[in-house]
Amino acid sequence: MGTITAAQAVPNTRAGTRPVWLISQADDLVWFIGSALIGYAALGLMAAGFPVWPIQMLWMFGVDGPHVLATVTRTYFDREERKRLGPAIWYLPPFVLLGPAMTLQGHFDLFLLGAVIWQHFHIVIQHFGFVMLYKAKNKERDRFAVKLDRWVLLLSLWLPLVAFVARTRGFHAEWDRVAPAAYAIGAIAALCWIGRQVRKYQRGEVMNVPKILLIGAVVPLQWFAFAHAAEHGPEGVLRAGIVLGLVHGLQYHRLLWFHNRNRYGGEDAEKRYGLAAKASKSLIAYLAIAIGLNFFLTILLVALAPWRDGVLAATWGIAFTHYVFDAKIWRPSTDKGLAAALRL
């Protein structure tokens, strides 16, 4: 194991410590943290009056759709993962039928709002997952810090959505007070979190730089995205979904490819995992599967369908299945194989 140095013996001091990244400093800064810049760029374009549909096409068919379909490479294609998922493998058909059923009843807008809310919850969980991974990598075990990060992140990601609903749905006059209250709570939470980081730095404690950069990048984006969306009424929720989904999709692609290369790269991978190993032999194969499936299952169907809203609602069922799968397959604390693939 080697001799323990002074810096290792006192892990709560900054001397001799360096940040530990999930993949590498360059990869993390570009894909997990820097991807937020794409969200800010999309938001800036829409706020400046740029048409939404080109950005929406990029989001749906270039990033979001492929990232959803890429999940098949470690679920339906993975022999062992199919067994672990059990009955959840069959969730796809009812999810696909849900949207068209609501559309037939004249509730397409309500369905879209619910879909984006679930998408947002999915994004929140992913951001929190990244935070916990950075904590594990950097051995940040302060219980108070864990609780503070959890509550600040969750509040700062959910409150903008609550404020958006309060400003756009008009349920009751009392809801007029909800948005200002959400903004106030968010500001207090942010100040508490910033104050904690400043205090740690003044004391010379180790600063979890990757975690701080991630939270600093994604939290403001949530507020700006939903504030912009509220200016366009209930249908503005699509604008927030585009902005936040672009970031989420890019982060997911990089993490999934990192996982797949590590998990399915062994000599006996094809025998053990099946098609998942073949799909992960090269980045070209991975992207061809993700983009190809998205093209046939979403782009082509929506383009050719005479009933556009119903078919578009049906394609959300694929995303819903992805959300359920993700809640089950990304648990490194209970899955040793996953922990190994993520280099934990």
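Report on the accompanying structure. Values in this document were obtained by computation on a predicted structure and should not be read as measured data.

1. A short note on the overall build of the chain
Logical step 1: Regarding its fold elements, the chain presents 16 helices and zero strands.
Logical step 2: Here the C-alpha radius of gyration of the chain, 21 Å, is about what a compact globule of 344 residues would show, namely 20 Å.
Logical step 3: Structurally, the chain occupies a C-alpha span of about 70 × 60 × 35 Å along its principal axes.
Logical step 4: Contacts in the chain between residues at least 24 apart in sequence constitute 77% of all its contacts with a sequence separation of at least 6.
Logical step 5: Carbon and sulfur atoms form 67% of the exposed surface of the chain, whose accessible area is close to 17300 Å².
Logical step 6: Side-chain charges of the chain comprise 35 positive and 21 negative groups, with the mean position of each set lying 8 Å from the other.

2. Examining the packing of aromatic side chains
Logical step 1: Scanning the entire structure with this criterion turns up 17 aromatic pairs.
Logical step 2: Aromatic pair Phe-164 and Phe-226: ring centres 5.8 Å apart, planes at 55°, arrangement tilted. Of this pair, Phe-164 sits in helix H8 (residues 143-168) while Phe-226 sits in helix H10 (residues 209-230); the two residues are 62 residues apart in sequence, bridging distant segments of the chain. You'll find Phe-164 and Phe-226 in the same group, each marked buried.
Logical step 3: Considering the side-chain rings of Trp-257 and Tyr-286, the 5.4 Å spacing of their centres and the 45° angle between planes classify their relative orientation as tilted. Here Trp-257 is found in helix H11 (residues 237-263), whereas its partner Tyr-286 is found in helix H14 (residues 283-304), with 29 residues between them in sequence.

3. Describing the pattern of salt bridges
Logical step 1: All chains considered together, the criterion is met by 15 salt bridges.
Logical step 2: One salt bridge in this structure joins Arg-196 and Asp-142, with 2.6 Å as the shortest N-O distance. With Arg-196 in helix H9 (residues 178-202) and Asp-142 in the loop between helix H7 (108-137) and H8, this pair connects stretches of sequence that are 54 residues apart.
Logical step 3: Assessed through its relative accessible area of 33%, Asp-142 is described here as partly exposed.
Logical step 4: Bridged by salt links that share partners, the residues Arg-74, Asp-78, Glu-81, Arg-84, Arg-263 and Asp-335 form one connected network.

Reading guide: rules and limits
Residues numbered from 1 in each chain as written. Predicted model: local features only at pLDDT ≥ 70, side-chain atom pairs only at ≥ 80, totals over all residues. Heavy atoms only, no water. Helix = DSSP H or I, 4+ residues; strand = E, 2+ residues; numbered from the N terminus. Rg over C-alpha atoms; globule rule 2.2 N^0.38 Å. Contact = heavy atoms within 4.5 Å. Areas by Shrake-Rupley, 256 points an atom, 1.4 Å probe, with all protein chains shown as cover. Lys, Arg positive; Asp, Glu negative; His and termini not counted. Charge placed at Lys NZ, Arg CZ, Asp CG, Glu CD. Phe/Tyr/Trp six-rings, centres within 6.5 Å; stacked < 30°, edge-to-face > 60°. Buried < 20%, exposed > 50% of the residue type's maximum accessible area, 1.4 Å probe, protein only. Salt bridge = Lys/Arg side-chain N within 4 Å of Asp/Glu carboxyl O.

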